[in-house]
Amino acid sequence: MEFKTSPERLSIMLGLLVLMLATLPRYLAGGHDSHLNLILLALVAIAAVCAFHFRLLSSEAREHLPALMQRFGVCLGVGLVVMGIWHSLFSDWISWQVLMSHGATLGLLIHVLWLRRYSASR
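These remarks concern the structure in this document. (Residues numbered from 1 in each chain as written. Predicted model: local features only at pLDDT ≥ 70, side-chain atom pairs only at ≥ 80, totals over all residues. Heavy atoms only, no water.)

1. Quick look at the packing of helix α1 (residues 7-30) against helix α3 (residues 59-90)
Stage number 1. Viewed as axis vectors pointing N to C, α1 and α3 meet at an angle of 40°, and their least axial separation amounts to 9 Å. With respect to α3, the axis of α1 lies oblique. Where α1 crosses over α3, the two elements pack in a sense that is right-handed. Across the interface between the two elements, Pro 7, Glu 8, Leu 10, Ser 11, Leu 14, Gly 15 and Val 18 of α1 pack against Ala 61, His 64, Leu 65, Leu 68, Met 69, Phe 72 and Leu 76 of α3.
Stage number 2. Of the residues that constitute the contact of α1 with α3, the class distribution is 10 nonpolar, 3 polar and 1 charged. (Axes fitted to C-alpha atoms, helices over the stretch in contact; angles between N-to-C directions. Helix = DSSP H or I, 4+ residues; strand = E, 2+ residues; numbered from the N terminus. Parallel < 35°, antiparallel > 145°, perpendicular 65-115°, else oblique. Left-handed = near helix turned anticlockwise from the far one by under 90°. Contact = heavy atoms within 4.5 Å. Nonpolar A, V, L, I, M, F, W, Y, C, P; charged D, E, K, R; others polar.)

See below:
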């Protein structure tokens, strides 16, 4: 079995880590301790996979990673703004924890779709 590494995959895994960190306040505020423990365990596992994946990247691929993370940051900001507008227009007031969780989810989705379109055009 061959293990293929790419900075795009690593940026998605790091985005998943950010998404999981963004959901932590929501579970803390809601008192969902079992969900919180499961997310923390998954966070540790994915962080370990990210570290392993980073070590396997070539130096050229590592140089491409900051640009991808900057693009993810832009997607995260767009996701937060879009979800803020969406919730202000179509729902009752929600907590900042839910807004952050939904915005991070949309941001990661936009990032993945952008990478998919970028890789399809190459």
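Back to the text.
2. A word on the side chain of Arg 71
Stage number 1. Here Arg 71 shows up in helix α3.
Stage number 2. Salt bridges are absent for the buried Arg 71, whose nearest opposite-charge side chain, Glu 8, sits at 6.9 Å.
Stage number 3. Not counting chain neighbours up to four residues away, the residues in contact with Arg 71 comprise His 111, Trp 114, Leu 115 and Tyr 118. (Buried < 20%, exposed > 50% of the residue type's maximum accessible area, 1.4 Å probe, protein only. Lys, Arg positive; Asp, Glu negative; His and termini not counted. Salt bridge = Lys/Arg side-chain N within 4 Å of Asp/Glu carboxyl O.)

3. Comments concerning a nonpolar patch on the surface
Stage number 1. On the surface, a nonpolar cluster with roughly 410 Å² of combined accessible area is contributed by Val 74, Val 78, Val 82, Trp 114 and Tyr 118.
Stage number 2. Of all the elements in the fold, those that place two or more residues in the nonpolar patch are α3 and α4 (96-121).
Stage number 3. Considering every element that reaches the nonpolar patch, the biggest residue donor is α3, with 3 residues.
Stage number 4. Relative to the assigned elements, Val 74 resides in helix α3. (Patch = residues over 30% accessible without salt bridge, like charges linked within 9 Å, V, L, I, M, F, W, Y side chains within 5 Å. Areas by Shrake-Rupley, 256 points an atom, 1.4 Å probe, with all protein chains shown as cover.)

4. Here's the deal with the environment of Pro 66
Stage number 1. With respect to the helices and strands, Pro 66 occurs in helix α3.
Stage number 2. Placed 11 residues apart in sequence, Pro 66 and Gly 77 show a C-alpha to C-alpha distance of 17 Å.

Honestly, that's just the spatial picture; any functional story needs more than this.
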